[in-house]
Structures are given as structure tokens and as C-alpha cells.
Amino acid sequence: MNIQFFFVLFVIPTLMVAQPPVELQQAFLDLNHDGVAMCISAHPDDEDGATLAYYRMKYGVKTYSVFFTRGEGGQNEKGPELYENLGVLRTEETRMAATIQGTEAYFLNFMDFGFSKTATETFRKWGGQTEVLRRLVYILRKLKPDVIFTNLNPIDGHGHHQAVAIIAIAAFDAAADPTLFPEQLALPGVTLWQPRKSFIRNVSRPEIGLSDWGQVDVVNKIEEVNAPRKLSYAEIAVNALRMHKTQGLDRANLQSFSRWQSRHKLIRSNSLYERDTTSFFGGIDFFTDASMKSLVPIRRGLSSIHVGMPQDSLLMVASAIQQQIEMERRKSSSTPPAKRLLIHWQDELERLVLLACNISLTMKLNDDVVVPGQKVNGVLDVASDNCRIGGVKYGFAIPTGWRISEVLGLTPVIGERQYTREFTLVVGEDPVLTLPKAKAQYRPIEFGQELSATVHCTVSGYPFSFSTMATFDVAPPQAFKVTPQVTRIAPSQLSKGTTFDYSIKNYRPAKTVGRVTVQGPPGWTADFPAYSIDKEDGNANGSIAIRATRDTKAGEYRVRLKTEYAVEEATVRVFDVAVAQGIKVGIIKSYDNTLESATKEMGVDYALLDSTMLEEGNLSKFNTIVVDIRAYLVRDDLKRNNSHLLEYVKDGGNLVVTYQRPQEWKPEYAPYPFTLSGKRVTSEDAPVEVLNPQHPLFNVPNKIVDDDWNDWKQERAMYFPTNVSKE
């Protein structure tokens, strides 16, 4: 029966037509390769984008990018967001870059704590080597790649990079070990998995047996031009890198990336393969195992589908193959490799038919942000511009504890080219929250929830099954944000109190009213402001003053700010600081409020210097001028008028320049020229030795003591001056 069926496939004619759109060409290509490749990286922008694009867009390989962190420990060249909020931005940038590369991005949700010099420190801060291995093993068992590769090496460079490379090597065999993390195997779609090959890019490390730089095992020709896109794979990678705007890559000179070479060394394999320098997948045969033999006829049928087939022939062949795939998937004896291949074929066939017939298949909620227990209507819609849709049947898959039903009293909209059905969804009482993103993005990687529909119908008379997922967020009833999270107040300012700003966003589909209340140390007082939000997605903003008792000692105090639905904690640090009387400080601000806030908290009289002041203002009225971090990157007016600052220094003014990066600093910015190096002290707990403890800077108006160096957030110091003038 199979022989006769596929004999018919082989004689289907080719229709000479114009080249289809790039997306449709890619869909045809994706049916031609059964492999899955995964790039493993530490941070956003570490991925080997050119190699990912090369395998996806030249061969049709399914590609994944896995990131251990979201890059939240880096700097932000676009705005004030740092740490977790920066992680939100970099996650979105990474997903946009992945779309350009033709890959899917996944995150393991480890914290990026800044630059590290050792894997040992990285493993310690990430919860230990076992935990790091556990998360990568889970992803390998879930996504089931044949080939894994990385840009990183386990010997030197960034400590995060070393740790990721070490774990990538260990996970190759660990994912197939039933004694490791067996609890994962009870999760949907998770099975033991053995990748076939593992590669490291451009390494020459005798200490791990990789001593011959020239004898790499695979050279991927990323300089080749992809004809449909009219770009080389290296250029596609450059376009993807430009999405990382918070890292300044949208304006960086990335042309050197187009001269990259993609040269890789094979470091692990599940069997002996003949050396093949042309491809990661050289020598891999997906059908040698006996359990895969029944899939060979399906693979032959898929290989007969090609660009230029008449639409009716395409639908006839695709429909018959899909039915065979469904029969094979129902077999309980299918092995994990067979199941992965069948799911892959099903997904790619669906996508090809949807594109070829211009079918729109959507499942959409009327409210794209829902809250626990909410009842919301939605629409399942199937429509096509050029193919007939008929015989529609459907089924839903929902998270545990959720309910779904058809809208009573409403009949579906049925036409020759469209089917629309409304439904009602009731969200569970304990769903997985996806908002606010700054918190939700760090949930356990195993947690997720999908709302999907499977549609069975005929397309121009041929039976098909398609699946679609609803895209939505789940939020708490309110998003309550308090800023700053940490505030400081000098004892002399206690009577004035300290102020927190708050914002409340209502996600409930109804009006909400209430008060913001405060719980603090005994004797502390605060007003409890009322708020009212008329509708869903509305906001209430305000401020609340908290007053400590006059006898409050220096130290750290926690306060809890509450609404009826949410709680946020903040810290008040009472610190004994002396400020010289009558001083005035000028601030040349860059892109966040940290410096300005700290100056205000100390009770210092300050002013922000704008372009006019920098160009022609009277700077002599300031005792000190402080240049904010990275200001020479973002303030063109500062660069233009730096000579005015040097005149101010020459006349006796104090100019303090906080850190700038080497690439944006010019020696002539300083009164006595010097350059900046990339050297760092990465341990935030590194001891500090004051060479001249009697110097007035360490004694007047405040004495700097050992405790003042405690509680560094990350990296003790960076970008040290070098080539300093003898003057």
C-alpha cells in the first residue's frame, strides 16, 4: 500500500511559477531536514547567530537558542532600567533577534550578576553545579536536539562563559542518564535524550585535548549569500545583533561580523562518525535504528514535496502524509526519537499548508491579560483567501483547573472560506502568573501553561488537522510598584520623612477602590492615601511619606506597603552623613536617576546641567560638578563642551567623573590625559586597601571606615585609568 501511494507522489508534475514568498520557501525547505540544532549561550548576544541562520535558512534545520541568563547584570545604553527590569528588555530584544535568525529562544533563568572571572564563583551564585546541570538537562530532554554547539570554552574568559561550556559538555551524557534528575521524566514531553554531536567553536586548548587549531572538524560557510533573503548568513546575524539596543549594538560598528568564520571542533559524540568538514550533521542517519524503519516511507513522501507543485497536488500529498503521521503517533511503541520526528513533521506540514493556502488560524481571548478566576470570552477562527474550508470540528486543551465551553445561544459563523466559533473560558484560581514580567520571568523553567485548540477540517476537500495556541498574559488582580526599593535618609532629615512613589495598575475587569497602607517599625507614621481606578488596565499613581521617630538610630529598616490585593516591601536606610554647609553640586546626568536620587537623599543642594549651562553657563557657582556614569556616551553636548569643564577645573573647581567605558572615553577629556583599560575587580567582596587613610577625602566631612565598603551590588571596580600623565 505504501509503495503504491508513494509511486503516485513521485510522478506529480512541477508547475513552473514565480518564486513564492520567503516564508513559504522556508516552509518547503523545513520539510527537507529532520535535524535539530541547539546553540548554548550564557547571555543575550552570546549566541552564534550566523551559524544558527546558516543551518535554518540553508538546510531547514530546526534551531534553538538556549540562554542561561537574561543579561540583567549588564549596562543599559537606552534608559534607566537595570537588573530585573533590564532583564525584561533584553529578553524581548533576544526574541526579536531570534526571529531574524530563524530560531526559538529559551531561558534557564539564572541571574546575571555581572562580570565574573571564574566558573567556581558562577556555580556558587547559581546554586551549585548540580542545579546548573539540572536545568540544561531538562531543556535537552524537552527539546531533543541532535547537535549542540557553543561559542564558549571552559578554560578562560568570562566566568559565566566557562560555567556554561563546562555544563554543556557534562549535559551531553547526563541527559541520557536515567539516574540523574528522574523526576523530570514525569513531565509532559520530557524523556531521556542523547544528543548525537557536541561542538565548540574556534578553540585551541591543549589542557582539554583540543590542541590543533587548524584541524577543525566543521567549517560552516556563513559568508555565503542566502538567495531568497539576498544576505549572507553573517549579515543576517549582524541584523539580529542590532536588536540588542540596550547594549548599544544598534549603533555599533558590526561590519567585522561579516568576516567571521564558523569553525567548530567536535568534542563529544554518541558514536563514531566519519569526519565530514561540511556539516554538523555529516554522517548522521536518522533511520538506521530499527524503531525508525516504519517512518522511512513517510520521509520519502515528504521529500517529494517541493516548490512549484500545483496547489491541489500539494494538498493531496500533504493530507495523505499527515494521516500516516497521525497513525504512527498513536502507536504506543514509538521511541522518543520517532515521536520527536513525527511531531516535527506534523508541525512543518501544518505550517506549509497554512502558508500555501493563506489560511489564518487564530485562537484569541477578548482580554489578553486575565486574572485568577476571571471569566472571559474568546474566538476560534479559521479563514482562507484561496482554499475552501469545510467540515470543521475542534477540541481544546486547557491548563488544569481551568474551564472552557461554547458560548450558549450563539451558533458558529460558517462559510465556504471561514469558520468562527465563540467560547467562554474560566481561568483557574491558581494559574502561573506571567506579569509583572520582572518577577514572573524567573519562575521555574518547568512551569508553563498553554491554551490551545486542535481543528479538524477539510481544505479544498482534503482532510487536515491544525493546531493553534492563544497568546495571553496572566496577572495578579493588581500590579503594585513602589519606588525606590531602597531609600536613604540622614538623621538630620528624619523630621521631614522619606517619600515613596507608587503605581497601581488594575487588571481586574471591574472598578477597584482602596487605600495604600504602611507597616513599619514601632512609632513610625504615614498617611494612608486612597485610590480609585475606574476600569481594567487603569492606573493610579501617587506618593506616600513615611516618618521615622526622632530617636531612630542608624541602620536598615523594612517597611511593607499594601493594597487590598498586593504587598511590596521597601528598605529605609538611616545613615549618619555629614554634608558641608552651603555647598552646591552640579550633575551632568546620563540615563537614570541613581546619582540624582542619592544626592537628594543626602540633603545636598544640586542642579542638573543642561546643554545651555554646559556651553555658556556660569559653572563657578558649583563647588563640585559630577559627571554621571556613561555620560560621554549619551551626552553629545558634554563632548562638545568638555573644554568648558576643563576651564572650570583650571579655575579651582572640583570635577568628579564617574565610570565611563574605554570606547567612549578620550584622553583629552581629562586635565591631564589618560586612557581607560578594560581591567576589572569582579568580586564585589574583594578587600579594599586605602593607601593614604589620613587623606582629607577619607576623613572630611565624613570618615570612611571598613564597613563602608560592604554590600557592593556587583563588581568592586572596573575600567581603571592607564597611561596616566606624569603630572
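What counts as what
- Chains are numbered independently. Their residues run from 1 in the order of the written sequence.
- Only residues with pLDDT of 70 or above have their local features reported here, since the model is predicted, and side-chain atom pairs are shown and tallied only from 80 upward, although totals for entire chains, interfaces and linings are computed over all residues.
- Values reported for side chains reflect all heavy atoms of the structure, with hydrogen atoms and water molecules removed beforehand.
- The helix and strand labels rest on DSSP assignments: H or I over at least four residues marks a helix, E over at least two residues marks a strand, and numbering proceeds from the N terminus.
- Summary of the burial criterion: residues with accessible area below 20% of their type's maximum are buried, those above 50% are exposed, and those between are partly exposed, where the area comes from a 1.4 Å probe applied to protein chains only.
- Whether two residues are in contact is decided by their heavy atoms, any of which lying within 4.5 Å being enough.
- Note that accessible areas follow from Shrake-Rupley with a 1.4 Å probe, and for residues the cover is restricted to the protein chains shown.
- The disulfide criterion is simple: two cysteine sulfur atoms within 2.5 Å.
- For every residue, the predictor reports its confidence as pLDDT, a number between 0 and 100.
- Strand pairing is defined by DSSP finding a minimum of two bridges between the two strands.
- Side-chain atoms alone can form a polar contact between residues adjacent in sequence; in general such a contact is a pair of N or O atoms within 3.5 Å, and within protein one must be able to donate a hydrogen while the other accepts it.
- Structural elements are reduced to axes, namely lines fitted to C-alpha atoms, with helices fitted over the stretch in contact, and the angle between N-to-C directions of any two is expressed from 0 to 180 degrees.
- Look down the strands so they point away from you; if going from the first strand over the helix to the second traces a clockwise path, that crossover is right-handed.
- Residues grouped as a nonpolar core are buried Ala, Val, Leu, Ile, Met, Phe, Trp, Tyr and Cys residues, joined through side-chain atoms within 4.5 Å.
- The labels follow the angle: roughly parallel below 35 degrees, roughly antiparallel above 145, roughly perpendicular from 65 to 115, and oblique for the rest.
- Note on residue classes: Ala, Val, Leu, Ile, Met, Phe, Trp, Tyr, Cys and Pro are nonpolar, Asp, Glu, Lys and Arg are charged, and everything else, Gly too, is polar.

S.K.: It is not clear to me how the overall build of the protein should be interpreted in this structure. Could you clarify?
M.R.: Looking only at helices and strands, the protein features 17 helices and 37 strands. Projecting the C-alpha coordinates of the protein onto the three principal axes gives extents of approximately 95 × 70 × 55 Å. Counting over 727 residues, the protein shows a buried share of 48%. Within the protein, counting contacts between residues at least 6 apart in sequence, those at least 24 apart form 74% of the total. A total accessible area of about 35200 Å² is found for the protein, and carbon and sulfur atoms account for 52% of it.

S.K.: Where do I start with the state of the cysteines in this structure?
M.R.: Here, the word disulfide means a covalent bond between the sulfur atoms of two cysteines. Enumeration over the complete set of coordinates arrives at 1 disulfide. Cys 357 shares a disulfide with Cys 387; S-S distance 2.3 Å. In this structure the cystine formed by Cys 357 and Cys 387 twists about its S-S bond by roughly -65°; its chirality is therefore left-handed. With Cys 357 in the loop between α11 (336–356) and β10 (359–365) and Cys 387 in the loop between β12 (375–384) and β13 (389–397), this pair connects stretches of sequence that are 30 residues apart. Cys 387 matches Cys 357 in its accessibility class, with the two residues each being buried.

S.K.: Teacher, can you tell me more about the confidence of the model for the protein here?
M.R.: Any segment with low pLDDT has predicted coordinates that should not be analysed in fine detail. For the protein, per-residue confidence averages 91 on the pLDDT scale, and residues scoring 70 or more make up 94% of the total. pLDDT under 50 marks residues 1–17. Its contacts with residues more than four places away, or in other chains, come to 26 contacts.

S.K.: I tried to follow the pairing of strand β32 (residues 624–627) on my own but got confused; where do I start?
M.R.: Within a regular strand, side chains alternate between the sheet's two faces. Taking every second residue as pointing to the same face, both faces of β32 are buried, with Thr 624 and Val 626 on one and Ile 625 and Val 627 on the other. Where β32 and strand β33 (residues 654–657) come together, 4 bridges link them in parallel fashion. Following the sheet pairing, Val 626 is matched in β33 by Val 656.

S.K.: Can you walk me through the side chain of Ser 590 in this structure?
M.R.: In this fold, Ser 590 is placed in the loop between β30 (584–588) and α13 (594–601). Here Ile 629 takes part through its backbone oxygen, which lies 2.7 Å from a polar atom of the side chain of Ser 590. Residue contacts for Ser 590: discarding those within four places in its chain leaves Asp 628, Ile 629, Arg 630, Ala 631 and Val 634.

S.K.: Help me out: how do you make sense of the sheet that holds strand β2 (residues 62–69) in this one?
M.R.: Two pairing modes exist for strands in a sheet, parallel and antiparallel, and in both the strands are linked by backbone hydrogen bonds. Spatially, 7 strands are ordered β3-β2-β1-β4-β5-β9-β6 in an open sheet, and the strand pairing comes out mixed. Every interior strand has two partners, whereas the edge strands, β3 (104–110) and β6 (218–220), have only one. Taken over all neighbouring pairs, the strand axes of this sheet differ in orientation by 25° on average, direction set aside. Taken together, the 5 bridges between β2 and β3 define a ladder with parallel strand orientation. Residue pairing across strands places Tyr 64 opposite Glu 104, the latter belonging to β3. The strands touched by helix α7 (residues 159–174) are β1 (36–41), β2, β4 (147–150), β5 (197–201) and β9 (262–269); relative to β9, the strand with the most contacts, the crossing angle is about 45°.

S.K.: Just checking my understanding: could you explain the pairing of β30 for this structure?
M.R.: Burial runs high along β30: 4 of the 5 residues are buried. Relative to strand β31 (residues 605–608), β30 is paired through 4 bridges, and the arrangement is parallel. From the neighbouring strand, Ile 587 faces β31, where its bridge partner is Leu 608. Handedness of the β-α-β unit built from β30, α13 and β31 comes out right-handed. One ladder, built from 4 bridges, connects β30 with β32; its direction is parallel. Bridge pairing in β32 places Ile 588 opposite Val 627.

S.K.: Hey, could you run me through the nonpolar core in this one?
M.R.: Generally speaking, nonpolar side chains in soluble globular proteins are found buried as a group. Residues Phe 281, Leu 295, Ile 305, Trp 345, Val 459 and Phe 466 are the most contacted members of the largest nonpolar core, which totals 77 residues. Counting residues per element, this core draws most heavily on α11, which supplies 9 residues. Sequence-distant contacts of Ile 305, that is, excluding residues within four places in its chain, are made with Phe 28, Leu 31, Leu 314, Val 317, Ile 321, Leu 349 and Leu 352. If you look at the next biggest cluster of nonpolar residues, it comprises 35 residues, including Tyr 64, Leu 140, Ala 163 and Val 190.

S.K.: Looking at this model, I keep getting lost on the sheet that holds strand β25 (residues 525–526). Mind explaining?
M.R.: Ordered by their spatial adjacency, 4 strands build an open sheet running β20-β22-β27-β25, and the pairing between neighbours is antiparallel. The open sheet terminates on both sides in strands that have one partner only, identified here as β20 (478–483) and β25.

S.K.: I keep staring at the packing of helix α2 (residues 22–30) against helix α3 (residues 49–59) and nothing clicks. Help me out?
M.R.: Two quantities define a packed helix pair, namely the angle between the axes and the distance from one axis to the other. Contact geometry of α2 with α3 gives a least axis separation of 7 Å together with a crossing angle of 85°. By the angle class used here, α2 and α3 are roughly perpendicular. On the side of α2, the interface is formed by Gln 26, Leu 29 and Asp 30, while α3 contributes Arg 56, Met 57, Lys 58 and Tyr 59. For the contact of α2 with α3, the per-class residue count stands at 3 nonpolar, 1 polar and 3 charged.

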